[in-house]
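Observations on chain architecture
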Amino acid sequence: MKTQAFGTTGEPVSRIALGVMRMDALDDAQAANMVGTAVESGIDFFDTADIYGFSAHRAHGSSAVFGKAWRAAGVARDDIFIQTKFGIVYDHDRRDIQRYDFSAKQLLDSLDQELQALQTDHVDAVLLHRIDTLVELDELAQTFDRLLASGKVRYFGVSNMGPWQIEMLQQAVGQKLQVNQLQFGLMHTQMIDAEIHMNMSDGPAADRTGGVLPYSRLKNMTIQAWSPFQSGTEYGPFVDNPHFPELNAALADKASAYGVSKDAIAAAWILRHPANIQVVAGTMNPERLERICAGTDIALSRQDWWDLYRAAGNLMP
C-alpha cells in the first residue's frame, strides 16, 4: 500500500482509508475481520464520525463497534491513524439532522463520547463535519486550543466546505486545517467539470465547488474522497451496475489492460490526480476492500484517465 502525507504534516498515511460509517451493521467478529483485512491490505487510516450509527439508531454506534474491532483484531493503537468528525447534531430516532453546532460544549462533549466509544485517549485528527453558519469564531479557536493542549486531538480539518468557508475558519484558529473531506469519484466530478468548462454556458460550467480543487492544491490541503464509487443516482454504486454499461465497459477494458479489477481501476482514477487525493472506502466487504486497495499500485496513463472520465458521461467542451 502506497502512502501519502497527511496535509502538510509530513506524516505518512495509507492512500486508501477505511470509512467505518456502516460498521455498526456488523457483529463483533465481522467487524474485527474487516479491520484485520484492512490492516493486512496496508490500510492504517480509519475514518468515522460521532453521528455514525444509523443501523444501531444511536450516536457513536459505528465508532463503538470499531473501538472494539481494532482491539479484537490485535492492532496496536500507535500503528493506526484514527480520524473522526463532529459538529452535526442528529436525531437517530427521527433520522433527521437537528442543527450544525460548533459551540464549545457540543464539540467538547461529543469528542469525549467519541473517545470513549473508540476506546482510546486521543484521535489523530478531527474534522468539522459541515459549516455551522452560527459559528462563533473566537469560541471555536479556544475549543481547538483546548483540544490540542489536552492531547485529545493531534490534527484538525474540515469536511464538505468551500474555499471561503475554510479561509474564514483558518484565520480564526491557530491550527492548520489539514484536510477537506469531499465527495469525489468517476460519477461525482463537479470539481473537475467546473475547471474544464470555464467560460462556457453549458450545465457543467456551473461552479458548485467554489474552485475548491485548485484551492486545495495551492494550500497543500489533502482532499479525502468520500462515497467514491457511488453513482449519485437511485441505482447506487456504479461498478458492475447494469445501469451504467458504457462506464463498466471502460472499467473492464482498463482492468484487463492493467491486470486488476474494476474496483481497483475506479480507485486508481482518483489516485491518479496530482492533487494527492485520498480515497475513503466505505465498503464492509473484505474481498471488495482488497480489490480497491490494489488501485494504489496502478498509475493510469493520461489517456486512460480521460477515457474513463468520458465513459462516465462527462462532457468535453
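As shown above, the structure is provided for reference.
What comes next concerns the included structure. (Residues numbered from 1 in each chain as written. Predicted model: local features only at pLDDT ≥ 70, side-chain atom pairs only at ≥ 80, totals over all residues. Heavy atoms only, no water.)

**Quick word on the sheet that holds strand β8 (residues 123-128)**
By definition, the strands of a sheet pair up through backbone hydrogen bonds, in either a parallel or an antiparallel sense. Reading around the circumference, β3-β4-β5-β8-β9-β10-β11-β12 is the order of the eight strands in this closed barrel, with parallel pairing throughout. The mean inter-strand angle of the sheet, taken between neighbouring strand axes irrespective of direction, is 30°. In the packing of helix α3 (residues 104-118) onto the sheet, the strands contacted are β5 (81-86), β8 and β9 (153-159), and the crossing angle to β5 comes to about 145°. (Pairing = 2+ DSSP bridges. Helix = DSSP H or I, 4+ residues; strand = E, 2+ residues; numbered from the N terminus. Axes fitted to C-alpha atoms, helices over the stretch in contact; angles between N-to-C directions. Contact = heavy atoms within 4.5 Å.)

**Structural notes on the side chain of N160**
With respect to the helices and strands, N160 occurs in the loop between β9 and α5 (163-170). A relative accessible area of 18% places N160 in the buried class. (Buried < 20%, exposed > 50% of the residue type's maximum accessible area, 1.4 Å probe, protein only.)

**So, the packing of helix α9 (residues 262-271) against helix α10 (residues 286-293)**
Between α9 and α10, whose axes approach to 7 Å, the crossing angle comes to 50°. Considering the angle they form, α9 stands oblique to α10. Of the two possible hands of crossing, α9 and α10 adopt the one that is right-handed. The segment α9 lies against α10, with D263, A264 and A267 engaging R288, R291 and I292. Here the contact of α9 with α10 is built from residues that sort into three nonpolar, no polar and three charged. (Parallel < 35°, antiparallel > 145°, perpendicular 65-115°, else oblique. Left-handed = near helix turned anticlockwise from the far one by under 90°. Nonpolar A, V, L, I, M, F, W, Y, C, P; charged D, E, K, R; others polar.)

**Structural notes on unusual backbone geometry**
In this model, R95 sits at a positive phi of 55°, which is unusual for a non-glycine residue. Positionally, R95 belongs in the loop between β6 (88-91) and β7 (96-100). Positioned with a positive phi, S227 is a non-glycine residue whose angle comes to about 45°. Looking at the element boundaries, S227 is found in the loop between β11 (222-226) and α8 (245-258). Judged by relative accessible area, S227 falls into the partly exposed class, the value being 28%.

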